[in-house]
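# Close look at the chain arrangement
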Amino acid sequence: MHESTPEPGTGATVARVATEPVAPTREDPVAASGSAFLGGPLGRHSLTGASWWSPVRIVVLVAMVVFALGLIQKAPCYNGGWFFGAGAQYTHACYSDIPHLYHARGFAEGLVPYFDRLPGDMEYLEYPVLTGVFMQVAAWLTPDGGSYQDLGQHYWMVNTGMLMVCAAVIAVCTVRTHSRRPWDGLLVALAPAFALTATINWDLLAVALTSAAMLMWARSRPLAFGVLLGLATAAKLYPVFLLVPLLALCWRAGRLRAYGTAVAGAAGAWLVVNLPVMVFSFEGWSKFYRFSQERSVDFGSFWLILDQRTDLNLAPAVVNPIALVLTVAALAGGVALVVAAPRRPRFAQLAFLAVAAFILTNKVYSPQYVLWLVPLAALARPRWRDFLIWQACEVTYYLGIWMYLAFTSGGDKAKGLPLEGYQFAIVVHLVGTLFLCAMVVRDILHPEADPVRRSGDDDPSGGVLDGAPDAVALRGRSGPSDEPGPEGHDEHDGTDGDGERGASGDGDGDRDGDGDRDSTDAWGDVDDEDPWKYRGGPLRKEKAVGGRNDG
């Protein structure tokens with residue numbers, strides 16, 4: 001709930017912002033419909049906060065149950081598909097790199113990654129250092145003895161336990177990053193693509209570190225954010241792209257000192273992990289970067305469709321610079337959004353767009369890369385309808401790549417998918433990701449459509465950016481500002497100092513106070529004619545009412 005009161009002695013408007021958790025069943029039509037089997041949407045007079053079952057505990061439990069269902073889905077491969085013939089792991093869509101690389105990368109023989117040369121074409125481990133450490137720790141914990149299959153099964157189970165911890169960390173961090181919206185964590189916990197891809201590879205390590213970094217930034221701890229982001233980048237390359245839009249946001253808000261602290265922490269953490277390997281085995285350390293440059297266009301990318309359907313020369317030397325230019329252009333577009341937006345974008349929105357830009361322009365898209373986006377999507381656009389549309393597209397691609405490999409691997413072609421079908425699956429993945437990006441961009445350009453800001457928050461994942469005034473004047477527009485509008489009120493008619501209307505707008509979808517949801521538009525958001533919607537404008541001061549609720 002918001003209410004506006006004059007600040008004594010100044011005439012400026014004071015925005016009083018309630019800290020009660022937002023109930024998705026009141027503001028999201030899909031969440032309201034899905035709650036039917038639990039008794040329906042949360043009532044106006046319901047009692048919350050009195051049970052041991054807090055939102056964070058419930059979300060973590062749901063995440064663990066869904067994670068376990070993903071393990072059950074891998075059962076056909078665990079019982080033989082990974083070890084006897086190539087076709088079964090594709091027709092059952094249960095492939096995982098983990099048991100294969102235990103033997104193929106020398107862990108079963110006790111070889112040390114990055115230092116010991118491997119037999120075959122891949123002379124060194126082709127993963128970033130912290131991921132290699134994760135793989136090595138799992139190998140140390142794997143019991144010795146047994147058959148080839150036994151060792152592969154044991155190694156997969158050990159990794160599964162470690163990755164389950166990462167999944168729990170992701171769930172907790174997502175819930176706590178937007179403290180007034182703890183139930184948005186269910187988007188992560190119930191994401192079908194998350195369950196299907198969680199144990200394909202080791203990506204959950206980087207995702208967990210990135211999620212923890214986002215939480216630290218939300219808590220206004222830039223050094224801790226930087227250290228965790230540096231560790232995440234030491235496990236996977238994509239987290240470093242978050243620093244690009246963050247620079248633009250900190251520039252607009254005049255928070256460059258916090259940004260510098262974050263960058264210093266990230267660089268220091270990355271060097272602590274990488275420098276020892278870089279110094280004593282540069283060739284092994286650099287394999288990941290050389291492999292990324294040398295690999296040809298591969299599964300899941302639009303580059304693969306171009307390569308298969310045209311006569312273009314798409315050798316790595318040609319594709320690499322073009323892909324780099326496209327990625328830089330997409331990141332520059334995110335920076336342009338910071339400049340053009342009527343209200344400073346939220347950090348989670350731009351973080352999602354930055355990682356999505358890298359995924360869309362990259363020359364390979366492995367199915368587990370969807371894990372990079374799931375927590376960011378839950379923070380950037382917490383709308384169940386849009387999230388599920390995107391997830392449906394990703395599940396389509398997940399099934400498509402395995403059916404295509406079943407068709408081409410010499411297995412049962414009757415259960416496989418020919419080239420044209422696989423290309424269609426790639427297009428579905430690309431369109432689904434672009435759709436969600438378009439919805440996030442729409443929210444940035446029209447803040448009244450943003451579910452997070454409609455519920456009364458500014459930038460809950462923004463930390464030092466949350467509620468901060470703009471330090472740079474952009475064509476007369478500003479985010480929260482230190483200067484009040486005329487007579488201490490917003491320059492826009494009928495709104496209080498934080499860009500919301502008075503006390504009746506409680507941010508839960510019930511704008512007229514009668515306990516019922518008001519009409520929504522075709523997007524599932526409150527109708528554009530809704531008089532309570534955000535219309536921009538400066539903020540004099542915010543005072544929180546009630547205690548903090550981290551879920």
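For the structure, check the block above.
A brief structural summary. (Residues numbered from 1 in each chain as written. Predicted model: local features only at pLDDT ≥ 70, side-chain atom pairs only at ≥ 80, totals over all residues. Heavy atoms only, no water.)

## Observations concerning the environment of valine 60
Tracing the backbone shows valine 60 in helix H3 (residues 55-73). Judged by relative accessible area, valine 60 falls into the buried class, the value being 19%. Sequence separation between valine 60 and alanine 167 is 107 residues; the distance between their C-alpha atoms is 8.5 Å. (Helix = DSSP H or I, 4+ residues; strand = E, 2+ residues; numbered from the N terminus. Buried < 20%, exposed > 50% of the residue type's maximum accessible area, 1.4 Å probe, protein only.)

## Section: a nonpolar patch on the surface
Taken together, the side chains of Trp52, Trp53, Leu61, Val65, Leu69 and Ile72 make up a nonpolar region of the molecular surface, amounting to roughly 670 Å² of accessible area. Its place among the elements puts valine 65 in helix H3. With relative accessibility at 46%, the residue valine 65 sits in the partly exposed group. (Patch = residues over 30% accessible without salt bridge, like charges linked within 9 Å, V, L, I, M, F, W, Y side chains within 5 Å. Areas by Shrake-Rupley, 256 points an atom, 1.4 Å probe, with all protein chains shown as cover. Salt bridge = Lys/Arg side-chain N within 4 Å of Asp/Glu carboxyl O.)

## Some thoughts on unusual backbone geometry
Phi at tyrosine 114 is positive, roughly 80°, even though this residue is not glycine. Note on placement: tyrosine 114 falls in the loop between helix H6 (97-104) and helix H7 (129-141). Since its relative accessible area comes to 4%, tyrosine 114 is described here as buried. The residue serine 220 is not glycine, and still its phi comes out positive at about 60°.

## Regarding the state of the cysteines
Evaluated as defined, the whole model comprises one disulfide. Covalently, cysteine 77 is tied to cysteine 94 through a disulfide, its sulfur atoms 1.9 Å apart. In this structure the cystine formed by cysteine 77 and cysteine 94 twists about its S-S bond by roughly 75°; its chirality is therefore right-handed. Taken as a pair, cysteine 77 in helix H4 (residues 75-81) and cysteine 94 in the loop between helix H5 (87-91) and H6 lie far apart in primary sequence, 17 residues in all. Residues cysteine 77 and cysteine 94 agree in their burial class; the two are buried. (Disulfide = S-S within 2.5 Å.)

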